[in-house]
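Spelled out, the chains give:
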Amino acid sequence: MQPRSDGVAAVEPRAREGVPLLRIEALGLCFIPKRYALLDKVDLEIFPGEILGLVGESGCGKSLTGLACLGLFPSGVKPFSGRVLFKGKDLLCLPEKEVRAYRGRRVALIFQEPLNALNPVFTVGYQIEEVLKLHRGLRGEAARAEAIRLLSEVRLPDPETRIRNYPHELSGGMRQRAMIAMALAGEPELLVADEPTTALDVTVQAQILDLLLELRERRGLAILFISHDLALIREVADRVAVMYAGEVVEVAGKDELFENPRHPYTEALLSARPEFGTRKLRLLPGQVPSPGKWPAGCRFAPRCRERELRCEEEHPEMRPVGPGHAVRCFRR
Amino acid sequence: MKVLELKGVEKSYRLRRFFGRGESLRVLRGVSLSLFENEVLGLVGESGCGKSTLARIALALEAPDAGEVLFLGHNFWTLARGERKRLRPKFQAVFQDPAASLNPRKKIEDLVSEPLRLQGVNRKTAREEAEKLIEMVGLSADVLPRFPHQLSGGQRQRVALARALISRPRVIVLDEPTSALDVSVQAQILTLLKDLKDQFGLSYLFISHDLPVVLFMSDRVGVMYLGEVVEIGPRDVFLNGKLHPYTELLLSSVPGRRKRKGPQTIGEPPSLLRLPPGCVFHPRCPEAVEICRKTAPELREIGPRHMVACHRR
């Protein structure tokens, strides 16, 4: 067991109350070269200390939404509508210099594959110290000591030695821990975790999930947890947003979503994974339409068993169906 | 009837160093298992446990260092060349990433009919057969003149299946066939695999890291850890039975089944170069005792057809 660092007072995870930490309002992203939309009117709120799960299949816009939380857009992708408000400040309007001071400091990002995200030619310690220097002005001995403290906070065994290791010298789980330590170095309030355990073995995945939950408890960190795996989301999230073809189709508290899913797509996702002991799966025909080929009406209509004429002609809006529960469907 | 049998299979690879030869990596250590006719045998394990090497051996893409590989009762590596060649089409494979396993410069039509052409079937018959199979895997004949990049991941995996089926195999080795797919597409492919198995009377060796998927597909399941089979038994024992501590660890790590304050995972699998003495799992095992640190346990039967390699079971 590593010594626990108690620099930060324990914070109770708060329920949704007060002002959201981050609020995405009607965000639309466009792929400039092909002139089609990738995200359309995405609304999301993340409250302090909350874990919001963002789930959907590939190509539905989860990762783009995650990057937008840092004011980042891949090349060729430009926002055409909406705002990304962090504590009331719109990241899309701030000058680049201010956004850079915010990235890593207020919001940090961890990726699926830490081997690609870490720089292979610098030691783990150097890369953490770089963040400490940039965002917290720590140098020399102080930076080194803080880097070791961060590595022990993420329970990397033997941090004094590991700090001198290069990324390739660490195992997959250790690299992910090192990346989390690096993300924590700027003392962010929000962590965007994009499929953080997908590249890991299940037993290691379980350890990383425990670590993220522990960090939330201890630091009051809010986490946007992006994953394609609903079972995983169920383990960690307080609230869940389901995305389909570039838009949010359902938002609800975790228990509400799993016990009382309203959108047919959410239902289908829930029954598509083999559970223990099942011998039959409910099939969802077809696949997610790619951007530029979204149907005019409800984007899920072509795959939906309950579609009616209206679904094919009109585009449904998000509609509240219960406390904190909204769904984009005419029928439910 | 046993369609495939591995007996005491050993496989090592030698690591390269800048100068001279490096250490040897023992990837498979005395693996024995059999696949029966019309059976789905699932194999689970974490990365580096030797699942994929086992797949390569089961497909006779590589010869084992020691042990025997029996195909339909024939000891493959002692057969004459001609006989081996005749046996090979009966064993087919589908891999994880169809984008990598299908030649991007060939049309679907040629990709699917190629195995038949290689067996000397004429172009017309091979084409007709390809058309028939492409429909059996749930695609329409429209895809035949297209190239792999024009298809989605799920469609490509169906093409890979059609290509495997065209030589009317007895066994298909499926190495992580749905790991690269989205859940809804995964459900489609898994259901298709089950249907095809019944239609063609196939046997599957189904390899995956995903325990719920393996339990969904298989009649029997084998669990691998660091190059050994540590447990093998009928599917039902994995749903409620006394299991190897490693299997219990795997089960309790599956999202949705995790016990909040259960026995926690200890560390990560050690390197194959520094295998611990005794039972290879003992450094991570919550139940390890003295004997586990000294003697390696053998597989022994603890229930009907249920074998476990553990001193404590």
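Since this is a predicted model, take the numbers as computed values, not measurements. (Residues numbered from 1 in each chain as written. Chains lettered and ligands numbered in written order. Predicted model: local features only at pLDDT ≥ 70, side-chain atom pairs only at ≥ 80, totals over all residues. Heavy atoms only, no water.)

### Topic: the overall build of chain A
Tallying secondary structure elements over chain A gives 12 helices and 12 strands in all. Along the three orthogonal principal directions, the C-alpha set of chain A runs to about 70 × 50 × 40 Å. Counting the 332 residues in chain A, one finds 53% classified as buried. Nonlocal contacts in chain A, meaning residues at least 24 apart in sequence, comprise 66% of its contacts between residues at least 6 apart. Accessible surface for chain A amounts to roughly 14,400 Å². Of this, 52% is attributable to carbon and sulfur atoms. Computed over 48 positive and 45 negative side-chain charges, the inter-centroid distance for chain A is 3 Å. (Helix = DSSP H or I, 4+ residues; strand = E, 2+ residues; numbered from the N terminus. Buried < 20%, exposed > 50% of the residue type's maximum accessible area, 1.4 Å probe, protein only. Contact = heavy atoms within 4.5 Å. Areas by Shrake-Rupley, 256 points an atom, 1.4 Å probe, with all protein chains shown as cover. Lys, Arg positive; Asp, Glu negative; His and termini not counted. Charge placed at Lys NZ, Arg CZ, Asp CG, Glu CD.)

### Things to note about a nonpolar patch on the surface
On the surface, Val121, Phe122 and Tyr126 of chain A cluster together into a nonpolar patch covering about 280 Å² of accessible area. Examined against the element boundaries, tyrosine 126 of chain A turns out to sit in helix H4 (residues 124-136). (Patch = residues over 30% accessible without salt bridge, like charges linked within 9 Å, V, L, I, M, F, W, Y side chains within 5 Å. Salt bridge = Lys/Arg side-chain N within 4 Å of Asp/Glu carboxyl O.)

### Looking at the confidence of the model for chain B
Of the residues in chain B, 96% have a pLDDT of 70 or more, and the chain-wide mean is 91. Strand S7 (residues 171-175) of chain B holds the highest mean pLDDT among the elements of chain B, 97, whereas helix H3 (residues 98-101) of chain B holds the lowest, 86. (pLDDT = per-residue confidence, 0-100.)

### Section: the pattern of salt bridges
Residues and elements named next belong to chain A. Within the structure shown, the criterion is met by 50 salt bridges over all chains. Arginine 149 is the partner of glutamate 146 in a salt bridge, and the nearest nitrogen-oxygen pair spans 3.0 Å. With glutamate 146 and arginine 149 both in helix H5 (residues 140-153), this residue pair falls three residues apart, about one helical turn. In this structure glutamate 146 comes out as buried when scored by relative accessible area, which is 11%. In this structure arginine 149 comes out as partly exposed when scored by relative accessible area, which is 23%. The residue arginine 218 makes a salt bridge to glutamate 153 at a minimum N-O spacing of 3.1 Å. A residue pair is termed long-range when its members are at least 10 positions apart, and arginine 218 in helix H8 (residues 202-219) and glutamate 153 in helix H5 qualify at 65 residues. One exposure class covers both arginine 218 and glutamate 153, and it is buried. Taken together, the shared-partner salt bridges connect Arg136, Glu146, Arg149, Glu153, Arg155, Glu187, Glu214, Arg218 and Arg219 into one network.

### A closer look at the packing of helix H4 (residues 108-118) of chain B against helix H6 (residues 153-165) of chain B
Residues and elements named next belong to chain B. One way to put it is that H4 packs onto H6 with a least axis distance of 7 Å and a crossing angle of 30 degrees. When the axis of H4 is compared with that of H6, the two are roughly parallel. Of the residues in H6, those in contact with Ile108, Leu111, Val112, Glu114 and Pro115 of H4 are Val159, Ala162 and Arg163. Residues that form the contact of H4 with H6 fall into these classes: six nonpolar, no polar and two charged. (Axes fitted to C-alpha atoms, helices over the stretch in contact; angles between N-to-C directions. Parallel < 35°, antiparallel > 145°, perpendicular 65-115°, else oblique. Nonpolar A, V, L, I, M, F, W, Y, C, P; charged D, E, K, R; others polar.)

### Re the interface of chain A and chain B
Buried accessible area, meaning the area lost when the parts come together, often serves as the stated size of an interface. Contacts between the two partners involve 37 residues from chain A and, on the opposite side, 40 residues from chain B. Counting the surface lost from both chain A and chain B, the interface buries some 3,300 Å², and carbon and sulfur atoms represent 52% of this. In this assembly, chain A and chain B are joined by one salt bridge. The closest approach of N and O atoms between aspartate 210 of chain B and arginine 273 of chain A, which form a salt bridge, is 2.8 Å. If you look at where chain A meets chain B, you find 14 residue pairs in polar contact (both at pLDDT 80 or more). Contributions of two or more residues to the side of chain A that touches chain B are made by helix H7 (172-184), H8, helix H9 (230-236) and helix H11 (264-272) of chain A. Per element, the largest residue contribution to the side of chain A that touches chain B is nine residues, and it comes from H8 of chain A. Here the residues of the side of chain A that touches chain B sort into 16 nonpolar, 12 polar and nine charged. (Buried area = accessible area lost by both parts, 1.4 Å probe. Polar contact = N/O pair within 3.5 Å; in protein donor to acceptor, adjacent residues only side chain to side chain.)

### Considerations on the packing of aromatic side chains
Residue and element names in this part refer to chain A. If you walk through the whole model with that rule in mind, you get 12 aromatic pairs over all chains. Centroid distance phenylalanine 31 to tyrosine 36: 5.9 Å. Interplanar angle 35 degrees. Geometry classified as tilted. For phenylalanine 31, a relative accessible area of 24% translates into the label partly exposed. For the pair phenylalanine 86 and tyrosine 102, a centre-to-centre distance of 5.0 Å together with 75 degrees between the ring planes defines the contact as edge-to-face. Placement of phenylalanine 86 in strand S4 (residues 77-86) and of tyrosine 102 in helix H2 (residues 96-102) is noted, with a sequence separation of 16 residues between them. (Phe/Tyr/Trp six-rings, centres within 6.5 Å; stacked < 30°, edge-to-face > 60°.)

### Concerning the pairing of strand S9 (residues 220-225) of chain B
Residue and element names in this part refer to chain B. Along S9, six of the six residues are buried, which leaves the element largely enclosed by surrounding structure. Pairing of strand S3 (residues 40-44) with S9, which is carried by four bridges, proceeds in the parallel orientation. When the bridges of S9 are listed, leucine 43 appears paired with glycine 222. Looking at chain direction, S9 and strand S10 (residues 228-234) are connected through six bridges and run antiparallel. If you follow tyrosine 225 over to S10, its bridge partner there is glutamate 228. (Pairing = 2+ DSSP bridges.)

### Digging into the sheet that holds strand S7 (residues 190-194) of chain A
Residues and elements named next belong to chain A. In space, the eight strands of this open sheet follow the order S6-S7-S8-S3-S9-S10-S12-S11, with mixed pairing throughout. The strands lining the two open edges of the sheet, one partner per strand, are strand S6 (107-110) and strand S11 (319-322). Neighbour-to-neighbour, the strand axes of this sheet turn through a mean angle of 20 degrees, independent of strand direction. Examined bridge by bridge, strand S3 (residues 51-55) and strand S9 (residues 239-244) share four bridges and lie parallel to one another. Within S9, the position partnered with leucine 52 by the bridge is arginine 239. Each of S3, S7 and strand S8 (222-227) is contacted by H8, which is oriented at about 155 degrees to S8, the strand it contacts most. Contacts between H11 and the sheet are confined to S9 and strand S10 (247-253), with S9 contributing the most and set at about 100 degrees to the helix.

### Concerning the sheet that holds strand S5 (residues 89-90) of chain A
The strand order across the open sheet formed by four strands is S2-S1-S4-S5 (chain A), and the pairing between neighbours is antiparallel. Two strands lie at the open edges of the sheet, namely strand S2 (36-46) and S5 of chain A, each paired on one side alone.

### So, the side chain of asparagine 165 of chain A
Residues and elements named next belong to chain A. Along the chain, the position of asparagine 165 falls in the loop between helix H6 (159-162) and H7. On the basis of relative accessibility, which here comes to 13%, the residue asparagine 165 falls in the buried class. One polar contact links asparagine 165 to arginine 162, side chain to side chain, over a distance of 2.8 Å. In contact with asparagine 165, not counting residues within four places along its chain, are Thr123, Val124 and Leu170.

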